[in-house]
Amino acid sequence: MAAAQAGDAASYRVLLGEICAWLRCYYHRRLPPAMVDDAVQDALLAVHEKRHTYDAERPFVAWLDAIARYKWIDRLRAMTSHPAGAPRKHRPIADHGNAVSSASALEILLKDRKPAKADVVRPVELQRLGSKQASGRTGQTISRVKVTIHRGLERLSEMIQGRADAE
């Protein structure tokens, strides 16, 4: 990157090729396959636009990882954003920004959970039912449903962080 910042076009082409391969691996583990190419392109564009901010005395991979992570979070937010006028059927649980918001990614993660927890989280988070409706379906009290959802999403967030840290 330092050579690219100095104007070496050949080094920059090689660097972009290596970054592209790294980003594909990064997003392949975090996003549905259909979204990987777009995420890679967004991140490459961000790298190009922000290349002047890279400090050659600091680790390059940490700088790249920060850009990739922010673009990943942007993708997750875009997948779960609601139209401005659409009413929400339930009140969101506070501070689950790192939890998987993607329905497909959440469904994959729910397969690894206990059926009792998954049966509560799935209707509220994927089918957008309220806690009262989930309570009626599961036979649990509304309070118990809310606690189960909170704990289930917290555990899913920990799982994701663990996978991201392992990479």
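Located above this text is the structure these notes cover.
Here the structure is a predicted model, which is why all the values come from computation and not from measurement.

The number of helices and strands found in the protein chain is eight helices and zero strands. When burial is assessed residue by residue, the protein chain has 36% of its 167 residues classed as buried. Considering only intrachain contacts with a sequence separation of at least 6, the fraction spanning at least 24 residues in the protein chain is 62%. Per element, the accessible surface of the protein chain, about 10,300 Å² overall, is 53% carbon and sulfur.

Here the focus is the pattern of salt bridges. Pairing between side chains of opposite charge can happen when their charged atoms approach one another. Scanning the model with the defined rule gives two salt bridges in all. Across the pair R24 and D37 runs a salt bridge, and its minimum N-O distance is 2.5 Å. Taken as a pair, R24 in helix α2 (residues 9-28) and D37 in helix α3 (residues 33-50) lie far apart in primary sequence, 13 residues in all. Between R75 and D42 there is a salt bridge whose closest N-O contact spans 2.4 Å.

The subject of this paragraph is the nonpolar core. Counting residues in each nonpolar core, the largest one holds 28 residues, and the members touching the most others are M1, I19, L23, Y27, F60 and W72. Excluding residues within four positions of it along the chain, Y27 makes contact with V36, A39, V40, A43, A68, K71 and W72. If you look at the next biggest cluster of nonpolar residues, it comprises nine residues, including V121, A134, L153 and M159.

With that out of the way, let us pick up the packing of aromatic side chains. Summed over all chains, the structure comprises five aromatic pairs. Centroid distance Y26 to Y27: 5.2 Å. Interplanar angle 90 degrees. Geometry classified as edge-to-face. By relative accessible area, Y26 is classed as buried at 5%. By relative accessible area, which is 0% here, Y27 ends up buried. Each ring, one from F60 and one from W63, has its centre 5.6 Å from the other, and the planes form 35 degrees; the classification is tilted. Taken together, the residues span about one helical turn, with F60 and W63 both in helix α4 (residues 60-80) at a distance of three residues. Across this residue pair, the class does not change: F60 and W63 are buried. Members of the aromatic cluster, each reached through a chain of ring pairs, are W22, Y26 and Y27. Here the guanidinium or amino end of R30 rests over the ring plane of Y26, the centre of that ring lying 3.6 Å away.

A separate point is the environment of A134. Examined against the element boundaries, A134 turns out to sit in helix α7 (residues 131-138). Once the C-alpha coordinates of A134 and K146 are considered, the two residues, 12 residues apart in sequence, prove to be 9.4 Å apart. Contact partners of A134, with chain neighbours within four places excluded, come to V124 and V145.

Parameters and conventions
- Sequence order as written defines residue numbering, which begins from 1 separately in each chain.
- Residue-level local features of this predicted model are given only where pLDDT is at least 70; pairs of side-chain atoms are given and counted only at 80 or more, and the full residue set underlies all totals for whole chains, interfaces and linings.
- No hydrogens and no water enter the side-chain calculation; it runs on all heavy atoms of the structure.
- In this description a helix means any DSSP run of H or I spanning at least four residues, a strand means any run of E spanning at least two, and both kinds are numbered starting from the N terminus.
- Exposure classes here rest on a 1.4 Å probe applied to the protein chains alone. A residue is buried below 20% of its type maximum, exposed above 50%, and partly exposed in between.
- In this description, contact between two residues means that some pair of their heavy atoms is separated by no more than 4.5 Å.
- All accessibility values rest on the Shrake-Rupley procedure with a 1.4 Å probe; residue burial counts only the protein chains present in the view.
- We define a salt bridge as a contact between a side-chain nitrogen of Lys or Arg and a carboxyl oxygen of Asp or Glu at a distance within 4 Å.
- Only buried residues count toward a nonpolar core, which is a set of Ala, Val, Leu, Ile, Met, Phe, Trp, Tyr and Cys residues joined through side-chain atoms within 4.5 Å.
- Note on aromatic contacts: the rings of Phe and Tyr and the six-membered ring of Trp form a pair at centre separations within 6.5 Å, being stacked when their planes are under 30 degrees apart, edge-to-face when over 60 apart, and tilted otherwise.
- Charges are assigned to positions over rings by a cutoff of 6 Å between ring centre and Lys NZ or Arg CZ, combined with an angular limit of 35 degrees from the ring normal.

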